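# Chain and residue survey
Residue strings, one per chain:
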Amino acid sequence: MTSHSTDLHDLSVTALAARLRDRQVSAVETAEHFLARAKAHQHLGAYVALNEEATLTQARAADAQLAAGKAGALTGVPIAHKDIFVTRAFPTTAGSKMLAGYQSPFDATVVTRLADAGAVTLGKLNCDEFAMGSANENSAVAPVGFDAPAPVRNPWDLSRVPGGSSGGSAVAVAARLAPAVTGTDTGGSIRQPASFCGITGIKPTYGRASRYGMIAFASSLDQAGPMARSAEDCALLLSEMCGPDPDRDSTSLDRPAENFSAALNEGIAGLRIGIPAEFFGDGLAPDVRAAVDAALQEYVKLGATLVPIQLPRTELSIPVYYILAPAEASSNLSRFDGVKFGHRAKDYTDLVDMYKKTRAEGFGDEVKRRIMIGAYVLSEGYYDAYYLQAQKIRRMIADDFQAAFQHCDVIAGPAAPTVAWQLGGKSDPLANYLADIYTLPASLAGLPGMSLPAGFGEGGMPVGLQLIGNYFREGQLLSAAHRFQQATDFHLRQPAGMTQ
Ligand code: GLN
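Below, the structure is looked at part by part. (Residues numbered from 1 in each chain as written. Predicted model: local features only at pLDDT ≥ 70, side-chain atom pairs only at ≥ 80, totals over all residues. Heavy atoms only, no water.)

### Here we look at the overall build of the protein
Each helix and strand counted, the protein has 15 helices and 11 strands in total. Against the 2.2 N^0.38 benchmark of 23 Å for 500 residues, the protein shows a C-alpha radius of gyration of 21 Å, consistent with a compact globule. Reported as C-alpha extents along the three principal axes, the dimensions of the protein are approximately 65 × 55 × 45 Å. Residues counted as buried form 60% of the 500 residues belonging to the protein. If you take every contact in the protein between residues at least 6 apart in sequence, the share linking residues at least 24 apart comes to 78%. When the accessible surface of the protein is split by element, carbon and sulfur atoms take 52% of a total near 18,000 Å². (Helix = DSSP H or I, 4+ residues; strand = E, 2+ residues; numbered from the N terminus. Rg over C-alpha atoms; globule rule 2.2 N^0.38 Å. Buried < 20%, exposed > 50% of the residue type's maximum accessible area, 1.4 Å probe, protein only. Contact = heavy atoms within 4.5 Å. Areas by Shrake-Rupley, 256 points an atom, 1.4 Å probe, with all protein chains shown as cover.)

So, in structure tokens, the structure goes:
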């Protein structure tokens, strides 16, 4: 390795792409550097699959492109994917025993788009089973280097959770085991782990990024997005990930991909930031509140104005989400029946017995809980009382946002009520659900939302600032975040002990 290698993991995606283009470093050298790092820090449990051969083959192809002067925006930049995106070169598990040994015959659209932009795939990242969870403690898959499932550890404090469900993704970026990664967000799974691990992540407007090849949890909520250290890097990735996919995802929107990087330097002066009273109530931990308040004051210094707003149905977003998401999950997960995919029970008497045993063995407790809740709220006699009511309130929540956007350009608040908690610290499922309160409203409304590092709280743990924009205003969110990151260095801080 050349002398460049030692600091490759400290470079932003933007800087790394430039070095690759200038041929100061090769794609193979870069891939080898990150593969070595992934292995050296495998105790964090971030990766669930590596395939050196496949990665280096892609890197050699990137080097050929670079040599031919045909570089795309990300040529030679290594990226890792949440293990909810199907990939041909790596197994895909969605964190479930149900998909042990599953090998997809195709790549997810998001994976293809990033590959088309020249990205090299480093591997697959741990996540909660079928993306259900807030702590990454629901994964049934053994991380690389482990024989059995093991928790993903937060690099800022190894005794704490990384957040979920994109926990492996957030850890890979925070520990600099990948310059950038993909995640998915159904009810907060990009924003909350980004907040817990001190990185930046954005969930675009629902329908911006294709869901084709993203293993479905709750189809009306699931969205893919990038996670990286900075908003500038997220902009680069998001520009490549978005765009219509009409033949493969009927909910993908007919909006051309935008160059979000070009919009990064919009000014803050005059930006009206809505502050929802409901995001600053009793449940918000004082340390998180202090960091978020300080970040908002930084925005005021940059020329923004803070406007008090109301999102009166914020609390209802928890019961609404935990009716609708399980309802959709119960339907989506019915395809895992032991016939078409993955796991099948060994001993059974007849077809029904095979279904029962396969699903009992293949799914973990949280997934079973959601399937049962979902089947219940969709069943005759309860559908009107639960599912339909929840749909109606979902619409009201979306309307509340539109009323708020009459008075402000973006909405800001905490991404989560606390910093990352201890591993095993929230064994009660309900306690996990309640912690999603600040991310669920934007998910239910289909609005873009992001989290960016805003400071530190209890135990020196990172605190994320959430920004929510109106539909298709990802560019505005990213530029607001970029301006903040030009004035602060929270996104550049490293967990102690991760300097190597
Ligand atoms: N924590 C939420 C849940 O458990 C959100 C998960 C997600 O966004 N995928 O459902």
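Moving on from the model shown.
### Quick word on the site of the ligand
Neighbouring residues of the ligand: 15 residues in total, closest Ala131, Gly187, Ser189, Tyr321 and Arg370. Separating a nitrogen atom of the ligand from a side-chain N or O atom of Ser165 is a distance of 3.4 Å. Here an oxygen atom of the ligand and a backbone polar atom of Gly187 are 2.6 Å apart. In the complex, the protein chains occlude 99% of the 300 Å² of accessible area that the ligand would expose alone. Across the shell around the ligand, the residue classes break down as five nonpolar, seven polar and three charged. (Near = heavy atom within 4 Å. Polar contact = N/O pair within 3.5 Å; in protein donor to acceptor, adjacent residues only side chain to side chain. Nonpolar A, V, L, I, M, F, W, Y, C, P; charged D, E, K, R; others polar.)

### Re the state of the cysteines
Throughout the structure, instances matching the rule amount to zero disulfides. This cysteine, Cys127, is not joined by any disulfide, and Cys197 carries the nearest cysteine sulfur, 14 Å off. Unpaired in terms of disulfides, Cys234 finds its nearest cysteine sulfur in Cys242, a separation of 12 Å. (Disulfide = S-S within 2.5 Å.)

### Description of the sheet that holds strand β4 (residues 180-185)
Taken in spatial order, the 11 strands of this open sheet run β1-β3-β2-β4-β6-β5-β10-β11-β9-β7-β8, and their pairing is mixed. Strand pairing shows two members of the sheet lacking a second neighbour, β1 (47-50) and β8 (305-309), which therefore form its edges. Averaged over neighbouring strand pairs, the angle between their axes works out to 30° when direction is ignored. Where strand β7 (residues 272-276) lies against strand β9 (residues 410-414), two bridges are found, and the strand directions are parallel. Residue pairing for β9: Ile273 is matched across the bridge by Val410. Sheet strands touched by helix α2 (residues 27-40): β1, β2 (78-82) and β3 (120-125). Its angle to β1, the strand with the most contacts, is close to 135°. (Pairing = 2+ DSSP bridges. Axes fitted to C-alpha atoms, helices over the stretch in contact; angles between N-to-C directions.)

### Here we look at the pairing of β4
Burial within β4 is extensive, with six of its six residues counted as buried. Burial of the side chains of β4 extends over both faces: Ala180, Thr182 and Thr184 are buried on one face and Val181, Gly183 and Asp185 on the other. Of the strand pairs in this sheet, β2 and β4 are connected by two bridges, and their pairing is parallel. Paired with Ile79 across the bridge in β4 is Ala180. In the sheet, β4 pairs with strand β6 (residues 223-228) via six bridges, with the strands oriented antiparallel.

### Some words on the nonpolar core
Counting 154 residues, the largest nonpolar core has Leu74, Phe130, Tyr299, Leu465, Leu467 and Leu478 as its most contacted members. Looking at this core element by element, the count peaks at nine residues for helix α9 (residues 317-332). If we ignore the near neighbours within four places in the chain, the residues touching Tyr299 are Ile268, Ile273, Ala304, Leu452, Leu465, Leu467, Ala480, Ala481 and Phe484. (Core = buried A, V, L, I, M, F, W, Y, C linked by side-chain atoms within 4.5 Å.)

### Looking at helix α1 (residues 13-21)
Among the residues of α1, Val13, Leu16, Ala17, Arg19 and Leu20 are the ones counted as buried. Looking straight down α1, one finds its buried side chains confined to an arc of 160°; they lie on one side. For α1, the secondary structure elements touched by its buried residues are α2, α3 (52-67), β2, β4 and α7 (231-241). (Arc of directions from axis to C-beta.)

### Some thoughts on the pattern of salt bridges
Under the criterion given, the structure shown has 21 salt bridges. Among the salt bridges present, the one from Arg160 reaches Glu458, with a minimum N-O distance of 2.8 Å. Note that Arg160 is positioned in the loop between β3 and α5 (167-174) and Glu458 in the loop between β10 (449-456) and β11 (462-469), a separation of 298 residues in sequence. Looking at Arg160, the relative accessible area reads 6%, which means it is buried. When its relative accessible area of 41% is taken as the criterion, Glu458 is described as partly exposed. The salt bridge involving Lys301 is made with Glu298; its shortest N-O contact spans 3.5 Å. You can see Lys301 and its partner Glu298 sitting in helix α8 (residues 286-301), three residues apart, about one turn around the helix. Under the relative-accessibility criterion, Glu298 is labelled buried at 17%. Through salt bridges with shared partners, a single network forms among Asp157, Arg160 and Glu458. (Salt bridge = Lys/Arg side-chain N within 4 Å of Asp/Glu carboxyl O.)

Limitation: the analysis is restricted to geometry and does not speak to function.
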